[in-house]
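Inside the fold
The chain contents come next:
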Amino acid sequence: QVQLVESGGGLVQAGGSLRLSCAASGRTFSSYVMGWFRQAPGKEREFVALISWGRGGSTYYTDSVKGRFTISRDNAKNTVYLQMNSLKPEDTAVYYCAAAGGIHYRPSLYDYWGQGTQVTVSS
């Protein structure tokens, strides 16, 4: 069982930065692939980024955030981060972190979810 709690969302102007954090409970954090997803009003939840197991986990990003967002994890702190730079109004959404047993891009394949944190980017 893994419980996830996101933080770090807020209101920022276009071009600004935010860092999201996701704190996980449980001693098996390092064995999970950790992903970030987002959901804008009226849209489906979409994949943003993921990081695989271990200290030097592989990372994957959706095309729209490549070069602007960076996912990382600190297994000693049971925390995964999403550094978001050069934010755009279209990045506005509720951001969720999630845990899965494998590398997946579909939300339905993730086992555990946080409650979400709102990110609003003004133009």
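Further up the page is the structure itself.
These notes cover the structure that comes with them. Chains are numbered independently. Their residues run from 1 in the order of the written sequence. Since the coordinates come from a predicted model, pLDDT governs what is reported: local features require at least 70, and pairs of side-chain atoms require 80 or more to be given and counted, while whole-chain, interface and lining totals use all residues. Water and hydrogen atoms play no part in the side-chain values, which are based on all heavy atoms of the structure.

Let us look at the pattern of salt bridges. Salt bridges are defined as contacts in which a side-chain nitrogen from Lys or Arg sits within 4 Å of a carboxyl oxygen from Asp or Glu. For the structure shown, the criterion picks out 4 salt bridges. For K66, the salt bridge identified is with D63, shortest N-O distance 3.0 Å. Between D91 and R68 there is a salt bridge whose closest N-O contact spans 2.8 Å. Of this pair, D91 sits in the loop between β8 (79-84) and β9 (93-100) while R68 sits in the loop between β6 (59-61) and β7 (69-74), and the two are 23 residues apart along the sequence. Each of the two residues, D91 as well as R68, counts as buried. Salt bridges sharing common partners tie together R38, E46, R68 and D91. Helical segments are the DSSP runs of H or I of at least four residues, strand segments are the runs of E of at least two, and each set is numbered from the N terminus. Only protein chains enter the calculation, and the probe is 1.4 Å; a residue is then buried if its accessible area is under 20% of its type maximum, exposed if over 50%, and partly exposed in between.

Time to look at the packing of aromatic side chains. The pairing test for Phe, Tyr and Trp rings, Trp by its six-membered ring, is centres within 6.5 Å, and the orientation test on the planes gives stacked under 30 degrees, edge-to-face over 60, and tilted for anything in between. A full pass over the atoms with the stated rule returns 8 aromatic pairs. With 5.9 Å between their ring centres and 75 degrees between their planes, F37 and F47 make a pair best called edge-to-face. Of this pair, F37 sits in strand β4 (residues 33-39) while F47 sits in strand β5 (residues 46-51), and the two are 10 residues apart along the sequence. There is no split in this pair, since F37 and F47 are both buried. For the ring pair Y110 and W113, a centre distance of 6.1 Å and an interplane angle of 55 degrees mean the geometry is tilted. Using a relative accessible area of 5% as the deciding quantity, one classes Y110 as buried. On the basis of relative accessible area, W113 is assigned to the partly exposed category, the value being 27%.

The next point concerns a nonpolar patch on the surface. Excluding any residue in a salt bridge, patches collect residues exceeding 30% relative accessible area, merging like charges within 9 Å and nonpolar Val, Leu, Ile, Met, Phe, Trp and Tyr side chains within 5 Å. Using a 1.4 Å probe, the Shrake-Rupley method yields the accessible areas, and only the shown protein chains count as cover for residues. On the surface, a nonpolar cluster with roughly 280 Å² of combined accessible area is contributed by W53, I103 and Y105. Assignment of secondary structure puts Y105 in the loop between β9 and β10 (112-113). A relative accessible area of 42% places Y105 in the partly exposed class.

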